[in-house]
Amino acid sequence: MDQNLRVLFDRAVADEPELPLVDLVGDAVVAGTGLRRRRQRLVATGVAAVIAVAAVGAVNVATPPQRSSPPPRVPAAFGMLVNKDCGAPAGETATDAVVFLALKVTDQQRSAVNRALDADPAVGTVSYESREEALRKFKKVYVDAAELDEHIVASQLPESFRVRLAARSQYVELAARVERLPGVEAIIGIDCPAGTSASAVD
């Protein structure tokens with residue numbers, strides 16, 4: 001009985017078409033290599049992403065947040081303090097000039113600038129304006145802007161000398177001489193019509 005079953009089995013198998021030989025080990029190696037490469041690519045991508053995030057974080061830590069800029073040493077509102085009939089800043093056509101002193105100007109520097117302006121042939125008349133006087137004029141111009149009054153104090157505004165030039169053609173030479181003086185922050189020319197004051201307020 002067992003013998004007959006064996007014979008029948010052999011005949012049944014003999015009638016079946018031959019299956020192609022398969023290299024199971026080779027296929028497993030190839031599949032494993034593919035998996036390994038995909039895993040390496042995923043790991044590399046993950047590492048690159050972590051490095052990118054870390055770099056962005058480092059830049060954010062290294063770069064401090066932008067803070068509001070400090071008040072300008074020469075007031076940004078200077079244009080509003082000039083008579084609307086005048087033009088500023090002006091160059092060769094300037095009739096007047098404002099010499100702004102540095103916030104940390106010393107008494108000696110202030111006196112030296114005053115003497116230099118008094119002796120300069122380009123200067124017709126000169127007057128000194130303190131920080132307190134500048135603040136008074138500033139508040140007079142911006143009387144409707146309470147938020148500015150709350151934040152602007154005299155110590156933020158520069159002292160200055162107000163100059164009426166002897167002649168229009170002399171501003172450029174005067175500016176070249178004055179801006180080199182210790183204690184001077186800036187000099188700005190103003191072009192006003194004849195008989196007009198450069199200041200917007202008294």
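The shown structure was predicted, so the numbers you read here are calculated from the model rather than taken from an experiment.

Colleague: Which residues make up helix α4 (residues 131–141), and what values go with them?
Modeller: Turning to α4, its buried residues are Arg131, Ala134, Leu135, Lys137 and Phe138. Projected down its long axis, α4 shows its buried positions confined to an angular sector of 165°, all on one face.

Colleague: Before we move on, could you go through the packing of aromatic side chains and cite the residues and values that matter?
Modeller: Here the structure, examined in full by the defined rule, presents one aromatic pair. Ring geometry for Tyr128 against Phe161: centres 5.5 Å apart, planes inclined by 55°, an arrangement best described as tilted. On the criterion of sequence distance, the pair formed by Tyr128 in strand β3 (residues 123–129) and Phe161 in strand β4 (residues 160–165) is long-range, its members being 33 residues apart. Residue classification places Phe161 among the buried positions, given a relative accessible area of 2%.

Colleague: Summarise the state of the cysteines; cite the residues concerned and give the values.
Modeller: Under the criterion given, the structure shown has one disulfide. Each sulfur in the disulfide pair Cys86 and Cys192 lies 2.0 Å from the other. Taking the sign of the S-S torsion, about 115° here, the bridge from Cys86 to Cys192 comes out right-handed. Here Cys86, found in the loop between α2 (24–62) and β1 (87–90), pairs with Cys192, found in the segment after β5 (184–191); they are 106 residues apart in sequence, far enough to count as distant. Residue classification places Cys192 among the buried residues on the basis of a relative accessible area of 2%.

Colleague: Report on the pattern of salt bridges, specifying residues and quantitative values.
Modeller: For the structure on display, the rule yields eight salt bridges. The partner of Arg110 in a salt bridge is Glu159, and the shortest N-O contact between them spans 2.6 Å. Placement of Arg110 in helix α3 (residues 107–119) and of Glu159 in the loop between α5 (146–151) and β4 is noted, with a sequence separation of 49 residues between them. Both residues of the pair, Arg110 and Glu159, belong to the buried class. Residues Asp120 and Arg177 are paired through a salt bridge, measuring 2.8 Å at the closest nitrogen-oxygen approach.

Colleague: Describe the sheet that holds β1, and please don't skip the residues or the numbers.
Modeller: Strand order in this open sheet of five strands is β1-β5-β2-β4-β3, and the pairing throughout is antiparallel. The outermost strands of the open sheet, each flanked by one partner alone, are β1 and β3. In this sheet, adjacent strand axes meet at a mean angle of 25° when their direction is disregarded. Bridging between β3 and β4 involves six bridges; their strand directions are antiparallel. Its bridge partner lying in β4, Thr125 is registered against Arg164. Along the sheet face, helix α6 (residues 171–178) touches β1, β2 (96–101), β3, β4 and β5 and points at about 170° away from the line of β5.

Scoring rules and cut-offs
- Residues numbered from 1 in each chain as written.
- Predicted model: local features only at pLDDT ≥ 70, side-chain atom pairs only at ≥ 80, totals over all residues.
- Heavy atoms only, no water.
- Buried < 20%, exposed > 50% of the residue type's maximum accessible area, 1.4 Å probe, protein only.
- Helix = DSSP H or I, 4+ residues; strand = E, 2+ residues; numbered from the N terminus.
- Arc of directions from axis to C-beta.
- Phe/Tyr/Trp six-rings, centres within 6.5 Å; stacked < 30°, edge-to-face > 60°.
- Disulfide = S-S within 2.5 Å.
- Salt bridge = Lys/Arg side-chain N within 4 Å of Asp/Glu carboxyl O.
- Pairing = 2+ DSSP bridges.
- Axes fitted to C-alpha atoms, helices over the stretch in contact; angles between N-to-C directions.
- Contact = heavy atoms within 4.5 Å.

Everything listed is a geometric property; what it means functionally is a separate question.
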